[in-house]
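Okay, here's what each chain looks like letter by letter:
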Amino acid sequence: SVLASSFSLLQVSLKQEPCFFSSVPSQPVPPLAQTLQNYLRALEPLLPPEELNHTRRMVHEFSRPGGLGAQLQEGLERRARHTKNWISDRWVQWAFLESRQPLPVHSNPAISLPRRDYNDWRSQLVFASKLIAAVLDFKAKINTGQIPMEYMRGKPLCMELYPLLFSSCRIPGPKHDSIAHYGRSRRSPTHITVVRNYQFFQLEVYNSDGSQLTEGQIHSQLMRIRSQSWKTDKEPMGILTSEHRHTWGEAYNRLLRDKLNKESVRLIETGLFSLCLDSPVMRISDEKYASRKAAQILHGGGTFSNSGNRWFDKTLQFVVGEDGSWGLLYEAATIEGPPIATLLHHILQYCDNPNPQRAPLIPLPMPKKLYFNIDREIKRDIELAKQNLDILINDLDVNVFNFKRFGKDLPKKYNMSPNSFIQVALQLAYYKVHNEVCPACDIASQRMFRGGRTEYIRSPTSQTLMFILAFDDPSVSREAKLQLFREAVDAYTALTDLALNGHGIDRHLLGLKLQAIEEGMSIPKIFMDTAYGLATHWKLRTGQVPANTDSVMCFGPLVPDGYAICYNPQADHVHFSITAFNCCEETNAETLAHTLKDTLCQLQELLHHPVLH
């Protein structure tokens, strides 16, 4: 499954504007010749010459005047004239809803935030009350159109994703999933779901007059939930949502045959969002704590830990641990990184400026515990899901670290894009570990266009390969290395500009392929070519999540023999998370993390000593 998690190089400036839906232009269909030329260019550093020539001939055949490529291009341009966005819906369907892989690790991104300064359940509930109040405050701003219009490089961004954050949920199906939005109905849901000790509760968060509960009221309700949720022999229903999608789709249908189960599941699905009150994570060395904390938010730490406190299909789940750890998990088919970053920024600001509202003295109804009837079949489904989730969790290696030597101010000082700088560093570090360059994708936002989602920026470039090959070559002078480094960074920046202007190659190629399928043709040869398979076997899946918080995003690799690397560059440090699968003997997250640190330091040295003395 492909992840729309973050956005590249986005210097987002917020300007106060009441209007919510901006008049952003439609997403262009890039010219066919340009996309195919850029595709071939992207293959150059990855393929031996004879394979590249074979692909050139295929591309030439595909693109001849009046040929198959032109026909499909015409179909896409026609589609662009008659739909809001010619690729977003198809892409979400193909990348997410038709993917059958489990949501934890493979699809849902997690964001881990700095530990709060507490270590007991009382403070956990105080912070959780604040967090709920902050999220409700953000929702109120969306409802009243008070979310500031967002801009990137002076252009307004499409804000359509914001209302989808709340009361939405992914629904499993045997062949493909779907997304349900309950916030659009006439009687919008007014509750959230709170999970503790694997038990789910419906918590109404508005008073009968429509005003939202105060922090004090929320806190007293969380106390009541705590007192009702002691460890019993209750089955961890949430674990079912971690299954392979086909398996969960079948179990879901069995589950919903029972009236009580159906009602409980619907209340979880329709809730504004979920709050997971986790038990403490096992304390380990401070050095490993950041990695453990990120993994805990990503998948719950396993069936003996907090994995039963999740409903992975839910769009938005906040995790608050008893040990001060906290963060959130989101479902990527519905929403993506940038709106989440804005929401987190709002939460942190809200928590720093508490709202001293007195709790009104109205008695509140008891939060409603959600019950399930579990028959033998469902019990078997849960046992199987537990085994599979623990296997998946044990297979994932998570390495989170804060690189403190420098941050984005260093590349800026040398007139380099910080994101392009880091991307070239990632390719160089990968090469040092694996002695090859590999297909890598970085994620660029397409929100400058109506209904736009994301595009890939592909690396390595030929310029990056030339720099990598020269880097450890003693016969190449320092000045030459520096020049090659600049060229590699600039080449990546140019690719980023293309993607941000709607002229990336991956969504266009996918659009052409899906257009052929839609028109009932056989899949064009260009997509059956080994080069296409090789170039989309993303061994490095990367994502920059520029947030004004010290947060770090985390998700699993796209391929069994790959890595996923997320980073959040701050002025003088960069947060990184690297994941890899233990079952692959070639990849190792810790080795790559060490190599990356060294590589960044070497690049800093290269910049500091540009001239030989």
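Calculation rules
Residues numbered from 1 in each chain as written. Predicted model: local features only at pLDDT ≥ 70, side-chain atom pairs only at ≥ 80, totals over all residues. Heavy atoms only, no water. Disulfide = S-S within 2.5 Å. Buried < 20%, exposed > 50% of the residue type's maximum accessible area, 1.4 Å probe, protein only. Pairing = 2+ DSSP bridges. Helix = DSSP H or I, 4+ residues; strand = E, 2+ residues; numbered from the N terminus. Axes fitted to C-alpha atoms, helices over the stretch in contact; angles between N-to-C directions. Contact = heavy atoms within 4.5 Å. Expected span 1.5 Å × (residues − 1). Domains from an automatic or database assignment. Buried area = accessible area lost by both parts, 1.4 Å probe. Salt bridge = Lys/Arg side-chain N within 4 Å of Asp/Glu carboxyl O. Phe/Tyr/Trp six-rings, centres within 6.5 Å; stacked < 30°, edge-to-face > 60°.

Per an unreviewed UniProt entry, the protein carries the name Carnitine O-acetyltransferase b and comes from Mastacembelus armatus.

(A) Structural detail: the state of the cysteines. Scanning the model with the defined rule gives zero disulfides in all. Cys-351 carries a free sulfur, and the closest cysteine sulfur to it, the one in Cys-276, is 17 Å from it. Free cysteine Cys-554: the closest other cysteine sulfur is in Cys-566, separated by 6.8 Å. For Cys-554, a relative accessible area of 1% puts it in the buried group.

(B) How the structure looks around the sheet that holds strand β19 (residues 574-581). The mixed open sheet is built from six strands, whose spatial order is β13-β19-β18-β16-β14-β15. Bordering the open sheet on either side are β13 (396-403) and β15 (454-459), each of which pairs with just one other strand. Looking at each pair of strands side by side, their axes are set apart by 20° on average, direction ignored. As paired elements, β13 and β19 share eight bridges and run antiparallel to each other. When the sheet's bridge partners are listed, Leu-396 is paired in β19 with Phe-581. Against the sheet, helix α19 (residues 589-608) engages β13, β18 (563-569) and β19, with an angle of about 25° to β13.

(C) Summary view of helix α7 (residues 245-255). Within the sequence span of α7, burial applies to Arg-245, Trp-248, Gly-249, Ala-251, Tyr-252, Arg-254 and Leu-255. Of the surrounding elements, those touching the buried residues of α7 are β5 (168-171), α8 (259-270) and α11 (376-395).

(D) View of helix α10 (residues 337-352). Here α10 spans 23 Å end to end across 16 residues, near enough to the 22 Å set by a 1.5 Å rise per residue. By the criterion of burial, α10 is predominantly enclosed, with 13 of the 16 residues buried.

(E) Fine view of the domain arrangement of the protein. The domain architecture assigned to the protein consists of domain 1 (103-118 + 159-335 + 349-397) and domain 2 (404-607). The centre of domain 1, based on its C-alpha atoms, is set 32 Å off from the matching centre of domain 2. Contact with domain 1, which involves 25 residues of that partner, is made by 23 residues of domain 2. Between domain 1 and domain 2, roughly 1,700 Å² of surface is buried when both sides are summed, and carbon and sulfur atoms account for 52% of that area. Connecting domain 1 to domain 2 are one salt bridge. Arg-450 is the partner of Glu-160 in a salt bridge, and the nearest nitrogen-oxygen pair spans 3.4 Å. Elements supplying a minimum of two residues to the side of domain 1 that touches domain 2: β2 (110-113), α9 (286-299), α11 and β13. By residue number, the principal contributor to the side of domain 1 that touches domain 2 is β2, which donates four residues.

(F) Structural detail: the packing of aromatic side chains. A full pass over the atoms with the stated rule returns 21 aromatic pairs. Geometrically, the ring pair formed by Phe-527 and Tyr-532 is edge-to-face, given 5.1 Å between the ring centres and 75° between the ring planes. Here Phe-527 matches Tyr-532 in class, with each residue buried. Cluster of aromatic residues (ring-pair linked, three or more members): Phe-403, Phe-406, Phe-421, Phe-467, Phe-471 and Phe-485.

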